[in-house]
Amino acid sequence: VAKFLEDFLNGAGPKWEWDDFLATAIADRELDKIRKHCQKVDLEFPPDTPGHFCNEQGLAVIRAYVEQLRDAMPTR
């Protein structure tokens, strides 16, 4: 999930990856909560610029999820 979010933030990944991520349920409840919140970020934080998904506050929410997920990953 962190990779999907990072790819979205960086404009990387396949063309429809973000749409697929938002549309596909995740078995893990906590990860699916993040996915479901991302579905609504554009409504909570509408874009300031036409053609963008959300505004800077919305992007900050997504960045915070990436940080949360990366911090929760076990170190090897």
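Described in the following lines is the structure provided in the data block. Just so you know, these numbers come straight off a predicted model, no measurement behind them.

## A look at the pattern of salt bridges
And step 1. For the structure on display, the rule yields six salt bridges.
And step 2. A salt bridge links aspartate 7 to lysine 3; its shortest N-O distance comes to 2.9 Å. With aspartate 7 and lysine 3 both in helix H1 (residues 2–10) and four residues apart, this pair spans about one turn of that helix.
And step 3. Residue lysine 33 pairs with glutamate 30 through a salt bridge whose shortest N-O separation is 3.4 Å. On the criterion of helical spacing, the pair formed by lysine 33 and glutamate 30 is a turn pair, its members being three residues apart in helix H3 (residues 29–44).
And step 4. Three or more residues are tied together by salt bridges with common partners; here these are Asp32, Arg35 and Lys36.

## Quick word on the nonpolar core
And step 1. Membership of the largest hydrophobic core comes to 15 residues, with the highest contact counts inside it found for Leu5, Trp18 and Cys38.
And step 2. Of all the elements in the fold, those that place two or more residues in this core are H1, helix H2 (17–23), H3 and helix H4 (56–72).
And step 3. If one sorts the elements of this core by residue count, H4 sits on top with five residues.
And step 4. In this view, cysteine 38 contacts Leu5, Trp18, Phe21, Leu22, Phe53, Ile62 and Tyr65; residues no more than four positions away in its chain are not counted.

Cut-offs applied
Counting from 1, residues in each chain are numbered in the order their sequence is written. Predicted model: local features are reported for residues with pLDDT of at least 70 only, side-chain atom pairs are reported and counted for 80 or more only, and whole-chain, interface and lining totals are derived from all residues. Hydrogens and water are ignored here; the side-chain numbers use all heavy atoms of the structure. Just to be clear on terms, a salt bridge is a Lys or Arg side-chain nitrogen sitting within 4 Å of an Asp or Glu carboxyl oxygen. Only DSSP runs of H or I reaching four residues or more are called helices, and only runs of E reaching two or more are called strands; each is numbered from the N terminus. By nonpolar core is meant a set of buried Ala, Val, Leu, Ile, Met, Phe, Trp, Tyr and Cys residues that side-chain atoms within 4.5 Å join together. Working definition: with a 1.4 Å probe on protein chains only, accessible area under 20% of the residue-type maximum means buried, over 50% means exposed, and in between means partly exposed. Every residue pair with non-hydrogen atoms within 4.5 Å of one another is taken to be in contact.

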